[in-house]
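One letter stands for each residue in the lines below.
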Amino acid sequence: YLLASLIRGDGDAADDEGAANRAYGRLTSFFSAIQTVGSPVVGTLLDRIGPKKTSVLVFGGSAASYWILSVATTPALLFLSKVPTLLQHAFLVGQAIVVSQEGHDATARAAALGRMTTMYTIGATVGPALGGYLATSDMYAGARLAVVGSVISVILSLVFLRDRPGNSGVDSALDKPKKAEQSFIRSLKRTILFLRHETLGPLLFVKLLNGVSSSAFSTVLPLVLANRMHFTTAQLGYYMSASSISVAIFSAVGMGPLMKAARGRAERLASLGIGLRCLSMIAFGFLVSSLVSSSARDGKDATATATWGLATTALASIAMSLSSHTHATSLTTLITGSVSVEERGAVVGLEHGLFSCARIVGPPLGAALLSRSESGLWSVIAICMVMDVVLMVRLGTWRGGQARAEKIDGQDMKPLVEDFDSKDHSD
């Protein structure tokens, strides 16, 4: 809304109805590119300087970003506000801390990741609602409040996080910052080399392709509801909130027992999540097609079949959200279980970077396919299902790193970077 208002105030672009949409697309892509670069940087910082200092940098970057946003009077300043988001990876820091503290138990890691997702989802649900409410009277009020919240988070990080292990509980490797035995650039390069490793390479490929598929469909979903189903703004808000709340509840209480039922085989649970997401997308497609065709036949809006249309599509969307979350959390559990504890910060950072990279590709792909014809939704579903089938096959044939993963979950092992040192990876 702020970007649109600034562009409407620009005489050169005021008469161009698509100017705001194009500018928003560029801003979103720029943000995703910054996040792609920043994620492995923050992950490497976690392993080098520990969670306290990294968290301070992360929330300091957030404060800087929101401060620039709070004084932005031109589109150029909005783009500038995204530069400090290179460090804005609080969820990454939280995930890295919990997977390191839970040691070698896959079930405990999955449960901890689920609880962290619950907290993040609550914040991601309340924050935009509060920002939207404040924007009705002052477009910049939400950004100013976010600056205050980021500064408070810096203080809380300094007070409650630690860079050295305490005397109780399982000590995290992230609590023991490494000595600067090598340059930061070399550490970062070794993190990137995870992509070429026989154990992690296939799993990180799965993460990237899953990001393209999920971001493509999540972009299309609200467009379909608004333009084809004629949902009102309020209905769309309830719809998205239902999915977020469902994920929050499931994350808090469901992931641990589900992983335990799978006997710690995270790759099987990840494949199950993908399979269920495929079925949910097909169900959503049939529901939308049926409701739109019946409403056209009766001369009414698709939602005039009213509560039934809203409820059934909402259930399909909730099923997609839960299955996607099951896959994503299981995959992170599997990836972090395939490296030594002291490398988990770096690998979580790389994982987040790949997902951000996927968000550069997925949304425009989904929007382009949707706009091609009336059957555009089925084109999106088809391409997403092709990617998901590839993911299931890749997970099903992932064998090279299984022995290593099982060994790590049972005892300490040498870091993967030592594997790299024994191979020819010249500078």
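What about the overall build of the protein chain?
Point 1. Counting its secondary structure elements, the protein chain contains 17 helices and 0 strands.
Point 2. Looking at the protein chain residue by residue over its 427 residues, the buried ones come to 48%.
Point 3. Considering only residue pairs separated by 6 or more positions, the protein chain has 80% of its internal contacts joining residues 24 or more positions apart.
Point 4. With an accessible surface of roughly 20000 Å², the protein chain has 64% of that area assigned to carbon and sulfur atoms.

Some points on the environment of Met255
Point 1. In this fold, Met255 is placed in helix H11 (residues 255-261).
Point 2. Expressed as a C-alpha distance, the spacing of Met255 and Leu113, which sit 142 residues apart in the sequence, is 8.3 Å.
Point 3. If near-sequence neighbours (up to four positions away) are discounted, Met255 is found in contact with Ala110, Phe250, Leu269, His325, Thr326, Thr329 and Ser330.

Re the pattern of salt bridges
A side chain with one charge may pair with a side chain of the opposite charge, provided their charged atoms come close.
Point 1. Throughout the structure, instances matching the rule amount to 4 salt bridges.
Point 2. Between Arg144 and Asp138 there is a salt bridge, with its nearest N and O atoms 2.2 Å apart.
Point 3. Judged by its relative accessible area of 40%, Arg144 is partly exposed.
Point 4. Between Glu267 and Arg265 there is a salt bridge whose closest N-O contact spans 2.5 Å.
Point 5. By relative accessible area, which is 6% here, Glu267 ends up buried.

Focus on the packing of aromatic side chains
Point 1. In total, this model carries 4 aromatic pairs according to the counting rule given.
Point 2. A ring pair is formed by Phe217 and Phe284, whose centres lie 6.0 Å apart and whose planes are at 75 degrees; its orientation type is edge-to-face. Taken as a pair, Phe217 in helix H9 (residues 200-227) and Phe284 in helix H12 (residues 266-298) lie far apart in primary sequence, 67 residues in all. Exposure class is identical for Phe217 and Phe284. Each is buried.

A closer look at helix H6 (residues 106-135)
In an α-helix, one full turn covers 3.6 residues, which means residues spaced three or four apart are oriented alike.
Point 1. Taking 1.5 Å per residue, 30 residues should reach 44 Å; H6 reaches 43 Å between its end C-alpha atoms and fits that length.
Point 2. For H6, the complete set of buried residues consists of Ala106, Ala108, Arg109, Ala110, Ala111, Ala112, Leu113, Gly114, Thr117, Thr118 and Thr121.

Structural notes on unusual backbone geometry
Point 1. With phi around 55 degrees, Arg263 is a residue other than glycine that occupies positive phi space.
Point 2. Locating Arg263 in the fold gives a position in the loop between H11 and H12.

Quick word on the nonpolar core
Point 1. Ranked by size, the top nonpolar core spans 40 residues in total, and within it Phe194, Leu200, Leu203, Leu204, Ile335, Val347 and Leu395 carry the most contacts.
Point 2. Residue contacts for Leu204: discarding those within four places in its chain leaves Phe194, Leu195, Ile335, Leu350, Glu351 and Leu354.
Point 3. Ranked by size, the runner-up nonpolar core spans 23 residues in total, among them Leu221, Leu225, Met281 and Val288.

Quick look at the packing of helix H14 (residues 344-370) against helix H15 (residues 376-396)
Point 1. With their axes 7 Å apart at the nearest point, H14 and H15 run at an angle of 140 degrees to one another. Comparing their axes, H15 and H14 come out oblique. Of the residues in H15, those in contact with Gly366, Leu369 and Leu370 of H14 are Gly376, Leu377, Ser379, Val380 and Ile383.
Point 2. In terms of residue class, the contact of H14 with H15 is made up of 5 nonpolar, 3 polar and no charged.

Describing the state of the cysteines
Point 1. Under the counting rule described, the total for this entry stands at 0 disulfides.
Point 2. For the unlinked cysteine Cys384, the closest cysteine sulfur is that of Cys278, found at 8.9 Å.

A closer look at the confidence of the model for the protein chain
Point 1. Summarising the model, the protein chain shows a mean pLDDT of 78, and 78% of its residues fall at 70 or more.
Point 2. Within the protein chain, the lowest mean pLDDT, 44, falls on helix H16 (residues 402-408), and the highest, 94, falls on helix H3 (residues 51-70).
Point 3. The low-confidence segment residues 11-17 (pLDDT under 50) makes 5 contacts with residues lying over four places distant or belonging to another chain.
Point 4. Segment residues 400-414 is flagged for pLDDT under 50; beyond a separation of four residues in sequence, or across chains, it makes 30 contacts in the model.

Looking at the packing of H9 against H14
Point 1. Viewed as axis vectors pointing N to C, H9 and H14 meet at an angle of 40 degrees, and their least axial separation amounts to 6 Å. Taken together, the axes of H9 and H14 lie oblique to each other. For the pair H9 and H14, the crossing hand works out as right-handed.
Point 2. Residues of the contact of H9 with H14, tallied by class, amount to 19 nonpolar, 6 polar and 3 charged.

Topic: the side chain of Thr118
Point 1. Inspection of the secondary structure assignment puts Thr118 in helix H6.
Point 2. For Thr118, a relative accessible area of 7% translates into the label buried.
Point 3. Polar contacts involving the side chain of Thr118 include one to the main-chain carbonyl oxygen of Ala248, which spans 2.7 Å.
Point 4. Not counting residues within four places of it along the chain, the set of residues in contact with Thr118 comprises Ala248, Ser251 and Ala252.

Section: the side chain of Gln88
Point 1. Note on placement: Gln88 falls in the loop between helix H4 (75-81) and helix H5 (90-101).
Point 2. Within the local environment of Gln88, its side chain forms a polar contact with the side chain of Ser62, the two groups lying 3.2 Å apart.

Here's the deal with the environment of Ser371
Point 1. Positionally, Ser371 belongs in the loop between H14 and H15.
Point 2. C-alpha separation for the pair Ser371 and Val220, spaced 151 residues apart in sequence, amounts to 9.8 Å.

Details of the environment of Ala23
Point 1. Within the secondary structure, Ala23 sits in helix H2 (residues 19-49).
Point 2. The spatial distance from the C-alpha of Ala23 to the C-alpha of Pro75 is 8.4 Å, given a sequence separation of 52 residues.

What counts and what doesn't
- Residues numbered from 1 in each chain as written.
- Predicted model: local features only at pLDDT ≥ 70, side-chain atom pairs only at ≥ 80, totals over all residues.
- Heavy atoms only, no water.
- Helix = DSSP H or I, 4+ residues; strand = E, 2+ residues; numbered from the N terminus.
- Buried < 20%, exposed > 50% of the residue type's maximum accessible area, 1.4 Å probe, protein only.
- Contact = heavy atoms within 4.5 Å.
- Areas by Shrake-Rupley, 256 points an atom, 1.4 Å probe, with all protein chains shown as cover.
- Salt bridge = Lys/Arg side-chain N within 4 Å of Asp/Glu carboxyl O.
- Phe/Tyr/Trp six-rings, centres within 6.5 Å; stacked < 30°, edge-to-face > 60°.
- Expected span 1.5 Å × (residues − 1).
- Core = buried A, V, L, I, M, F, W, Y, C linked by side-chain atoms within 4.5 Å.
- Axes fitted to C-alpha atoms, helices over the stretch in contact; angles between N-to-C directions.
- Parallel < 35°, antiparallel > 145°, perpendicular 65-115°, else oblique.
- Nonpolar A, V, L, I, M, F, W, Y, C, P; charged D, E, K, R; others polar.
- Disulfide = S-S within 2.5 Å.
- pLDDT = per-residue confidence, 0-100.
- Left-handed = near helix turned anticlockwise from the far one by under 90°.
- Polar contact = N/O pair within 3.5 Å; in protein donor to acceptor, adjacent residues only side chain to side chain.

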